[in-house]
Amino acid sequence: MAASVAEGQVAAVRRFNRFYTQRIGVLEEGLLNSAFSLTEARVLYELANRENPAAADLCRDLGFDAGYLSRILGRLVRRGLLTKSAGQTDGRRRRLALTEAGRAAFATLDGASRQQVAALLGGLSPAGRERLLAAMASVARLLGGQPAGAVSYILRPPRSGDLGRVVSRHGALYAGEYGWDESFEVLVAGIVADFAKNQDPKRERCWIAEVDGEAIGAVFLVRQSDEVAKLRLLYVEPEARGLGIGARLVEEAVRFARQAGYATLTLWTNDILTAARRLYEAAGFRLIREEPHHSFGHDLVGQYWELGLVSH
């Protein structure tokens with residue numbers, strides 16, 4: 001076990017596993033009151049949703065031992081639910097196909113599973129369902145269940161709760177990643193409160209990045225003067241980094257600043273925020289000056305960046 005993982009965290013995951021497996025009934029002898037175990041039901045699902053796979057394909061994708069899978073397939077064949085045939089290009093690779101009885105058995109299982117999940121979700125409010133689905137999507141992303149290239153996101157205006165989340169997530173992320181104290185969260189809260197109270201919609205915006213109904217990043221564009229705008233509070237959640245979301249947020253802020261008629265877009269950051277600085281450089285910002293300061297419990301080097309928006 002990694003030294004950085006606390007025993008309490010391990011216990012929390014195990015506690016959730018026990019709760020969820022009991023909640024969805026996988027501890028029962030027959031899944032969904034059927035004659036099939038959980039593993040047999042999963043194999044039936046794969047066979048019903050693939051075009052004549054080989055046993056080796058299932059072993060690879062499901063992480064099964066070949067001998068273990070062979071015993072499961074043998075039971076399905078003996079029950080008349082599965083057939084094996086030689087492959088057209090390679091006779092050594094036996095192709096698997098459900099019989100009519102096998103497809104009927106899967107349809108019954110699939111229907112029962114849909115009804116079970118519908119009942120589970122039906123006990124929640126619409127907002128509760130959205131929160132549950134977003135949390136499940138987060139678990140899948142964090143544990144590598146969804147390839148980065150398959151993740152889609154949207155940029156949208158803030159909704160109720162989003163501005164408070166921006167403040168809390170900045171405080172938590174910068175404390176965890178850089179050790180900054182609560183004075184940084186106080187600074188962020190002031191910026192967000194000023195935006196909420198005084199926003200000029202024609203010249204100021206906030207964009208929330210969302211994946212599967214969950215806010216995973218944000219950026220603000222605020223007025224400094226008639227000619228100058230400021231880019232502020234850019235952040236992306238750790239599990240969503242590397243997807244191009246940060247660059248897209250900066251790009252949208254730059255586009256809006258030009259459209260709103262600003263001549264210059266500025267920002268302030270610190271030299272230790274290397275990932276953000278790379279985004280700014282890629283967007284065309286130039287480092288104007290640096291100055292040391294003591295803030296948020298640390299000695300830092302502040303940086304002022306600038307982007308000209310008017311073509312000459």
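## A word on the overall build of the protein chain
At step 1: Along the backbone of the protein chain there are ten helices and nine strands.
At step 2: Relative to the 2.2 N^0.38 estimate, which gives 20 Å for 312 residues, the radius of gyration of the protein chain is 27 Å and therefore markedly larger than a compact globule would have.
At step 3: If you line up the protein chain on its principal axes, its C-alpha atoms span 80 × 45 × 40 Å.
At step 4: Relative to all contacts within the protein chain whose residues are 6 or more apart in sequence, the contacts with residues 24 or more apart total 59%.
At step 5: A total of about 18100 Å² of accessible surface is found on the protein chain, and carbon and sulfur atoms cover 52% of it.
At step 6: Here the protein chain holds 40 positive side-chain charges and 36 negative ones, and the gap between their average locations is 6 Å.

## Here's the deal with helix 3 (residues 55–62)
At step 1: Burial in helix 3 covers these residues: Asp 57, Leu 58, Cys 59 and Leu 62.
At step 2: Looking one or two residues past helix 3, Gly 63 carries a phi angle of roughly 70 degrees, positive in sign.

## Let's talk about the pattern of salt bridges
At step 1: The tally for this structure, following the rule as stated, stands at 18 salt bridges.
At step 2: With a closest N to O distance of 2.9 Å, Glu 252 and Arg 248 form a salt bridge. With a gap of four residues between them, Glu 252 and Arg 248 both fall in helix 9 (residues 245–259), about one helical turn apart.
At step 3: The exposure class assigned to Arg 248 is partly exposed, which follows from its relative accessible area of 27%.
At step 4: One connected set of salt bridges, linked through shared partners, spans Arg 42, Glu 46, Arg 50, Asp 57, Arg 60, Asp 61 and Arg 95.

## Quick word on the side chain of Thr 99
At step 1: Along the polypeptide, Thr 99 turns up in the loop between strand 2 (94–98) and helix 5 (100–122).
At step 2: Not counting the four nearest positions on each side in its chain, Thr 99 is found in contact with Gly 80, Leu 81, Leu 82 and Thr 83.

## Thoughts on the packing of helix 2 (residues 38–48) against helix 5
Axis angle and axis distance: for two packed helices, these are the angle between their axes and the distance between the axes, and together they describe the pair.
At step 1: Helix 5 packs onto helix 2 with a crossing angle of 115 degrees between their chain directions and a minimal axis gap of 10 Å. In terms of orientation, helix 2 lies roughly perpendicular with respect to helix 5. In the crossing of helix 2 with helix 5, the sense of the turn from one axis to the other is left-handed. The segment helix 2 lies against helix 5, with Ala 41, Leu 44, Tyr 45, Leu 47 and Ala 48 engaging Arg 103, Phe 106 and Leu 109.
At step 2: In terms of residue class, the contact of helix 2 with helix 5 is built from seven nonpolar, no polar and one charged.

## Quick notes on the layout of surface pockets
At step 1: Quantified by volume, the largest pocket comes out at close to 870 Å³.
At step 2: As for the largest pocket, its lining consists of 21 residues, of which Phe 16, Tyr 20, Ala 135, Met 136 and Val 139 are closest to the centre.
At step 3: Looking at the lining of the largest pocket, the elements that each hand over two or more residues are helix 1 (7–23), helix 5 and helix 6 (126–142).
At step 4: Broken down by element, the lining of the largest pocket gets its largest block of residues, eight residues, from helix 6.

## Structural notes on the packing of aromatic side chains
At step 1: Under the criterion given, the structure shown has 15 aromatic pairs.
At step 2: For the ring pair Tyr 280 and Phe 285, a centre distance of 5.9 Å and an interplane angle of 65 degrees mean the geometry is edge-to-face.
At step 3: With a relative accessible area of 6%, Tyr 280 lands in the buried category.
At step 4: Its relative accessible area of 5% is what places Phe 285 among the buried residues.
At step 5: By the ring-pair criterion, three or more aromatic residues cluster together here, those being Tyr 174, Tyr 178, Trp 180, Phe 184 and Phe 296.
At step 6: Cation over ring: Arg 203 sits above Tyr 262, and NZ or CZ is 3.9 Å from the ring centre.
At step 7: The ring of Tyr 304 carries Arg 289 above its face, with NZ or CZ at 3.9 Å from the centroid.

## Looking at unusual backbone geometry
At step 1: With phi around 55 degrees, Leu 233 is a residue other than glycine that occupies positive phi space.
At step 2: Relative to the elements of secondary structure, Leu 233 occurs in strand 6 (residues 228–236).
At step 3: The class for Leu 233 is buried, based on a relative accessible area of 13%.
At step 4: Phi at Phe 296 takes a positive value of approximately 60 degrees, unusual for a residue other than glycine.
At step 5: Assignment of secondary structure puts Phe 296 in the loop between strand 8 (286–295) and strand 9 (298–308).
At step 6: Exposure remark for Phe 296: the relative accessible area of 8% places this residue in the buried category.

Conventions we followed
- Residues numbered from 1 in each chain as written.
- Predicted model: local features only at pLDDT ≥ 70, side-chain atom pairs only at ≥ 80, totals over all residues.
- Heavy atoms only, no water.
- Helix = DSSP H or I, 4+ residues; strand = E, 2+ residues; numbered from the N terminus.
- Rg over C-alpha atoms; globule rule 2.2 N^0.38 Å.
- Contact = heavy atoms within 4.5 Å.
- Areas by Shrake-Rupley, 256 points an atom, 1.4 Å probe, with all protein chains shown as cover.
- Lys, Arg positive; Asp, Glu negative; His and termini not counted.
- Charge placed at Lys NZ, Arg CZ, Asp CG, Glu CD.
- Buried < 20%, exposed > 50% of the residue type's maximum accessible area, 1.4 Å probe, protein only.
- Salt bridge = Lys/Arg side-chain N within 4 Å of Asp/Glu carboxyl O.
- Axes fitted to C-alpha atoms, helices over the stretch in contact; angles between N-to-C directions.
- Parallel < 35°, antiparallel > 145°, perpendicular 65-115°, else oblique.
- Left-handed = near helix turned anticlockwise from the far one by under 90°.
- Nonpolar A, V, L, I, M, F, W, Y, C, P; charged D, E, K, R; others polar.
- 1 Å grid on protein atoms, 1.4 Å probe; cavity = no way out; pocket = protein on both sides within 12 Å on 5 of 7 lines; lining within 4 Å.
- Points joined across faces, edges and corners; volume = space filled by probe spheres on them.
- Phe/Tyr/Trp six-rings, centres within 6.5 Å; stacked < 30°, edge-to-face > 60°.
- Lys NZ or Arg CZ within 6 Å of the ring centre and 35° of its normal.

In short, geometric facts, not functional conclusions.
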